[in-house]
Amino acid sequence: MEHSFHYLLLANQATVHRQLLAKLKDTGLTLGQPKVLDYLQDHDGANQAEIARACHIEPASLTSVLNRMEEKALVERRTQKGDRRSFAVYLTGQGHSMALRVRQAFEELEEQAFAGVSEAEREQFLAVFRRVYGNLKEGKR
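Since this is a predicted model, take the numbers as computed values, not measurements.

1. Some points on a nonpolar patch on the surface
- On the surface, F5, L9, F125, F129 and L136 cluster together into a nonpolar patch covering about 490 Å² of accessible area.
- Of all the secondary structure elements, the ones that give two or more residues to the nonpolar patch are α1 (5–23) and α6 (119–138).
- Ranked by the residues each element gives to the nonpolar patch, the list is headed by α6, at three residues.
- Position of F5 relative to the elements: it lies in helix α1.

2. Some details on the pattern of salt bridges
- In the structure shown here, the tally under the stated rule is seven salt bridges.
- For D26, the salt bridge is made with R101, and the minimal N-O distance between the two is 2.6 Å. Of the two residues, D26 is situated in the loop between α1 and α2 (33–42) and R101 in helix α5 (residues 93–113); the sequence distance between them amounts to 75 residues.
- When its relative accessible area of 60% is taken as the criterion, D26 is described as exposed.
- On the basis of relative accessible area, R101 is assigned to the partly exposed category, the value being 31%.
- Here R78 and E76 are joined by a salt bridge, their closest N and O atoms 2.5 Å apart.
- Given a relative accessible area of 38%, R78 falls into the partly exposed group.
- Given a relative accessible area of 32%, E76 falls into the partly exposed group.
- Taken together, the shared-partner salt bridges connect D38, D42 and R103 into one network.

3. Topic: the environment of S4
- As for its placement among the helices and strands, S4 is situated in the segment before α1.
- On the accessibility criterion, S4 (21% relative accessible area) is partly exposed.

4. Re the packing of helix α3 (residues 48–55) against helix α4 (residues 59–71)
- Where α3 contacts α4, the two axes come as close as 10 Å, and the packing angle between them is 105 degrees. Taken together, the axes of α3 and α4 are roughly perpendicular relative to one another. On α4, the residues that touch Q48, I51 and A52 of α3 are P59, L62, T63 and L66.

5. Thoughts on the nonpolar core
- V36, L37, L40, I51, M69 and V75 are the most contacted members of the largest nonpolar core, which totals 25 residues.
- Looking at this core, the elements with two or more residues in it are α2, α3, α4, β3 (83–91) and α5.
- When sequence neighbours within four positions are dropped, the list of residues in contact with V75 reads L40, L66, M69, E70, V89, Y90, L91 and T92.

6. Some remarks on the side chain of R77
- Looking at the secondary structure, you find R77 in strand β2 (residues 75–80).
- Of the polar contacts made by the side chain of R77, one reaches the side chain of N67; its length is 2.3 Å.
- At 2.9 Å, the side chain of R77 forms a polar contact with the side chain of E70.
- Here R77 is in contact with Q48, T63, L66, N67, E70, F87, A88 and V89, once residues within four sequence places are set aside.

7. Overview of unusual backbone geometry
- Positive phi, close to 55 degrees, is recorded for H56, a residue that is not glycine.
- The topology assignment puts H56 in the loop between α3 and α4.

Basis of the calculations
- Residues numbered from 1 in each chain as written.
- Predicted model: local features only at pLDDT ≥ 70, side-chain atom pairs only at ≥ 80, totals over all residues.
- Heavy atoms only, no water.
- Patch = residues over 30% accessible without salt bridge, like charges linked within 9 Å, V, L, I, M, F, W, Y side chains within 5 Å.
- Areas by Shrake-Rupley, 256 points an atom, 1.4 Å probe, with all protein chains shown as cover.
- Salt bridge = Lys/Arg side-chain N within 4 Å of Asp/Glu carboxyl O.
- Helix = DSSP H or I, 4+ residues; strand = E, 2+ residues; numbered from the N terminus.
- Buried < 20%, exposed > 50% of the residue type's maximum accessible area, 1.4 Å probe, protein only.
- Axes fitted to C-alpha atoms, helices over the stretch in contact; angles between N-to-C directions.
- Parallel < 35°, antiparallel > 145°, perpendicular 65-115°, else oblique.
- Contact = heavy atoms within 4.5 Å.
- Core = buried A, V, L, I, M, F, W, Y, C linked by side-chain atoms within 4.5 Å.
- Polar contact = N/O pair within 3.5 Å; in protein donor to acceptor, adjacent residues only side chain to side chain.

Purely spatial values, then, with no claim about function.
In structure tokens:
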């Protein structure tokens, strides 16, 4: 079991989360918040449905993540085009700074993960991993 795909995938995911939160311990960020900050860094002003889909978070869970981020003054929600039921989410100045710190932590973890791996091996691994993701996302057999 220790060398099966599902075991290694879950173990890597848990390890990345643990190490990421350790790197960001002094920020007070909680699980879910770093990936939202990272996404908003490139998609500032996205609506909640887009963020939930891109970050693989259930919309109800995203609402509570965003509420906590808003309390920390990392994001602000603004109504879109006069529709009080539809919000766009924007990083605040503090949110932009935190997003940069999160991006740096992700880059450090990626560098650590690929230590001793050649650029060709890395590209090959990522190509196969993208294909696996696509297969799972599309439900291919």
